[in-house]
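# Structural features, examined
These are the residues of each chain, in order.
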Amino acid sequence: KWIKSIVKVQVLETEVAGELEPMIHQDKLGPDYLDNKEELKAAGFDTIEKIEKTLHEKMETLVDYEVSEDNTTILEIELVYEGTGEPVAKEDFPEEGLDIYIDYAKIFGDKKVDYNKYSYKVVHMFSMDMNGHKAGELEELDAKVTNKGLKVHVEGLSPFAISYESIEGGST
């Protein structure tokens, strides 16, 4: 596998008002990840390996460096209801999408880096049909470096591939 691990990510803040709490409940993207992803499986993504391979291949078309476990992380991000921890139903996900901030520690892991000295590419795979998108569809997201975390505007969640390269040259 080209990804050494799938890490747990905490969305630091969203711009959604109301009862939604921007929390993440997930484990490693393992065999149980696909248990409730019928639309994704129906779209041909019936193994974790197929998901990883597709995200990897898309990322390689967007960057001019080798995509590897040293410079790419796959994250599952899920929006859940405050109190219950239950996932937000796709019918309740904001049609206009929402801005999320991904913690740099979840992107870089144990590496001690200055996140301002990197450029980022983010690819998202829709895990279900929603907001005019089909399960398995990929999109490149604009990423903005902020003090709160890597900011991306999303119209759906899970899974994401985030690749990074030192602005000074060469990937880490």
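Residues numbered from 1 in each chain as written. Predicted model: local features only at pLDDT ≥ 70, side-chain atom pairs only at ≥ 80, totals over all residues. Heavy atoms only, no water.

## Things to note about the pattern of salt bridges
It is possible for side chains bearing opposite charge to pair when their charged atoms get close. Put simply, the test is: Salt bridge, as used here: a side-chain nitrogen of Lys or Arg that lies within 4 Å of a carboxyl oxygen of Asp or Glu. By the criteria applied, helices consist of DSSP H or I runs no shorter than four residues and strands consist of E runs no shorter than two, each listed in order from the N terminus. Only protein chains enter the calculation, and the probe is 1.4 Å; a residue is then buried if its accessible area is under 20% of its type maximum, exposed if over 50%, and partly exposed in between.
A full pass over the atoms with the stated rule returns six salt bridges. Put simply, Lys53 and Glu57 hold a salt bridge, and the shortest N to O gap is 2.7 Å. Here the residue Lys53 and the residue Glu57 both occupy positions in helix H2 (residues 48–62), the gap between them amounting to four residues, near one helical turn. Note on Lys53: relative accessible area 48%, which makes it partly exposed. Under the relative-accessibility criterion, Glu57 is labelled partly exposed at 39%.

## What about the pairing of strand S7 (residues 118–125)?
Basically, it comes down to this: When DSSP locates at least two bridges between a pair of strands, those strands are taken to pair.
By the criterion of burial, S7 is predominantly enclosed, with six of the eight residues buried. Relative to strand S11 (residues 160–166), S7 runs antiparallel, the two sharing seven bridges. Its bridge partner being in S11, Lys121 is matched across the sheet by Ser163. Where S7 meets strand S8 (residues 138–141), four bridges bridge the pair, whose relative direction is antiparallel. Residue His124 lies in a different strand from S8, and its bridge partner there is Glu139.

## Re the packing of aromatic side chains
Note the cut-off: Any two of the Phe, Tyr and Trp rings considered here, Trp counted by its six-membered ring, make a pair once their centres fall within 6.5 Å; the pair's planes then place it as stacked at under 30 degrees, edge-to-face at over 60, or tilted in between.
Counting across every chain of the model gives six aromatic pairs. Between Tyr104 and Tyr120, the ring centres sit 6.1 Å apart and the planes meet at 40°, which makes this aromatic pair tilted. With Tyr104 in helix H3 (residues 104–108) and Tyr120 in strand S7, the pair connects residues that are 16 residues apart, well separated along the chain. Consider the rings of Phe108 and Tyr164, whose centres lie 4.3 Å apart with planes at 55°: the pair is tilted. One end of the pair, Phe108, is in helix H3; the other, Tyr164, is in strand S11, and 56 residues separate them in sequence. Grouping residues by exposure puts Phe108 and Tyr164 together as buried. Put simply, the rings of Tyr104, Phe108, Tyr115, Tyr118, Tyr120 and Tyr164 touch in pairs and so form one group of aromatic residues.

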